[in-house]
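Notes for the structure review
Spelled out, the chains give:
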Amino acid sequence: MAREPVAAFAPGRINLIGEHTDYNGGLALPFAIAEGVTVRATATGGRRIEARALDVGEDDSFELASPRRDASGWRAFVRGIAAELAAAELPLAGARLEITGTVPQGAGLSSSAALEVAVALALLELAGAAPPDGRTLAGLCSRAENEWVGAHTGLLDQLASIFGRRDAALRIDFRSLEIEPVALELGGWRWVILDSGERHALAGSGYNQRRAECARACEALGIASLRDAEPGRAGALPSPLAERAEHVIAENERVERMVTALRTRDLAEAGRLLDASHASLRDLYEVSTPAVEAAVDRLCRAGAAGARVVGGGFGGSVLGLLAPGVRAPAGARMLTPGPGARLLAQR
Ligand code: GLA
């Protein structure tokens, strides 16, 4: 058995570019942020999980062997992780969990993946088990979200949270699951995030509908994934499948161009790519909202080189890129990459 109590931390993420590409076998370029979720776990000797979300003062309690599916919100994530660990035949022990977070919920910064990964790492450590490799762990956490929360999300958030590194973004290829660090040498330029103020919950938004539309587009094109789509043929699909496919195809190309822009320190080009991504997410993928547009406008009026909605959309946050000397609008926060999920030393 592990020393106890144990604690694990998993970060949220920001995605620089490559939105709604993960579940289409495409490319994305996220980095883990400093904010995240911490889970402290104490063994209770029983076969139940007693969980407490300290920030909201809420509790949950369920049987390890058979958590019931009648929970929503943060409880569904915790139950889903316990159930998926059990389904993977990983050891589990009865525990009391204390959960705290510094990443706002529904702000497009992946508080969900941070919660999933931190709960999984804490439960495994408490049971004295080594975690599975990062890609397997990401898949397990994503299944909890898909099947217990009902959000049919891809692997972007979990991979970013698990593989995050200081001073680098991660170019992720979701077809091969290859992950390549891309150094961020910004020379005084800054990534900032501005909250639109509108909360989103992916399970209830148009997110699942977008994913289903991409699946229909693939079926009509006779391909397994939109990564294999030929640009010319996608345009012949009926609306809105054509628009969805066109977004995904062009967004994958923008990821490659962003990697080149960062490697050649062409930050003005990086800004233009953010704008192009946003226009596509707004007009072709249709995941923007008036509150998101207002936040994009505020960043642009402040002089951002580019700005775009991040994460699933339908609310959440906007990412902007500011040149040296440009003042961020009130409420904007600077983001820097941080290390991925880890166990914390206990005092
Ligand atoms: C959410 C999902 C991810 C990804 C993004 C859009 O963050 O959890 O899997 O699909 O939206 O890029």
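These numbers come from a predicted model, not from an experiment.

1. Points about the pattern of salt bridges
Tallying each qualifying case throughout the model produces 25 salt bridges. Among the salt bridges present, the one from Arg333 reaches Glu35, with a minimum N-O distance of 3.0 Å. Of the two residues, Arg333 sits in strand 12 (residues 333-335) while Glu35 sits in strand 3 (residues 30-43), which places them 298 residues apart along the sequence. Accessibility expressed as a relative area gives 32% for Arg333, which makes it partly exposed. For the salt bridge of Arg282 with Asp283, the shortest nitrogen-to-oxygen distance reads 2.8 Å. Among the residues examined, Arg282 registers a relative accessible area of 35% and is labelled partly exposed. Asp283 gets classed as partly exposed once you look at its relative accessible area, which sits at 46%. One network of salt bridges, in which partners are shared, links Asp60, Arg68, Asp70 and Arg79.

2. Quick word on the domain arrangement of the chain
Domain annotation of the chain identifies domain 1 (6-179) and domain 2 (185-334). Distance between the C-alpha centres of domain 1 and domain 2: 24 Å. Across the boundary between the two partners, domain 1 contributes 33 residues, which contact 42 residues of domain 2. Across the interface of domain 1 and domain 2, roughly 3000 Å² is buried in total on both sides, 57% from carbon and sulfur atoms. Applying the counting rule to domain 1 against domain 2 returns 5 salt bridges. One salt bridge connects Arg308 with Glu19, and the closest N-O pair in it is separated by 2.7 Å. One can count 23 residue pairs in polar contact (both at pLDDT 80 or more) joining domain 1 with domain 2. Top element by residues in the side of domain 1 that touches domain 2 is strand 1 (residues 6-15). It accounts for 3 residues.

3. Points about the nonpolar core
Most often, soluble globular proteins have nonpolar side chains that are buried together. Among the nonpolar cores identified, the biggest contains 112 residues, and Leu29, Leu97 and Trp191 are the most heavily contacted of them. A total of 11 residues in this core trace back to one element, the largest contributor, which is helix 2 (residues 111-126). Looking at which domains feed residues into this core, each of domain 1 (6-179) and domain 2 (185-334) gives three or more. Here Leu97 is in contact with Val39, Arg40, Ala41, Ile49, Glu50, Ala51, Arg52, Val78, Val119 and Leu123, once residues within four sequence places are set aside.

4. What about the pairing of strand 8 (residues 178-183)?
Bridging between strand 7 (residues 168-173) and strand 8 involves 6 bridges; their strand directions are antiparallel. By the bridge assignment for strand 8, Ala169 is matched with Val182. Here strand 7 folds back onto strand 8, and the loop between the two strands holds 4 residues, one of which, Leu177, carries a positive phi near 60°.

5. As for the environment of Glu246
Among the structural elements, Glu246 can be located in helix 7 (residues 241-263). Distance in space between the C-alpha atoms of Glu246 and Gly235 is 7.1 Å, their sequence separation being 11 residues. Dropping the residues within four chain positions of it, Glu246 is found in contact with Gly235 and Leu284.

What counts and how
- Residues numbered from 1 in each chain as written.
- Predicted model: local features only at pLDDT ≥ 70, side-chain atom pairs only at ≥ 80, totals over all residues.
- Heavy atoms only, no water.
- Salt bridge = Lys/Arg side-chain N within 4 Å of Asp/Glu carboxyl O.
- Helix = DSSP H or I, 4+ residues; strand = E, 2+ residues; numbered from the N terminus.
- Buried < 20%, exposed > 50% of the residue type's maximum accessible area, 1.4 Å probe, protein only.
- Domains from an automatic or database assignment.
- Contact = heavy atoms within 4.5 Å.
- Buried area = accessible area lost by both parts, 1.4 Å probe.
- Polar contact = N/O pair within 3.5 Å; in protein donor to acceptor, adjacent residues only side chain to side chain.
- Core = buried A, V, L, I, M, F, W, Y, C linked by side-chain atoms within 4.5 Å.
- Pairing = 2+ DSSP bridges.

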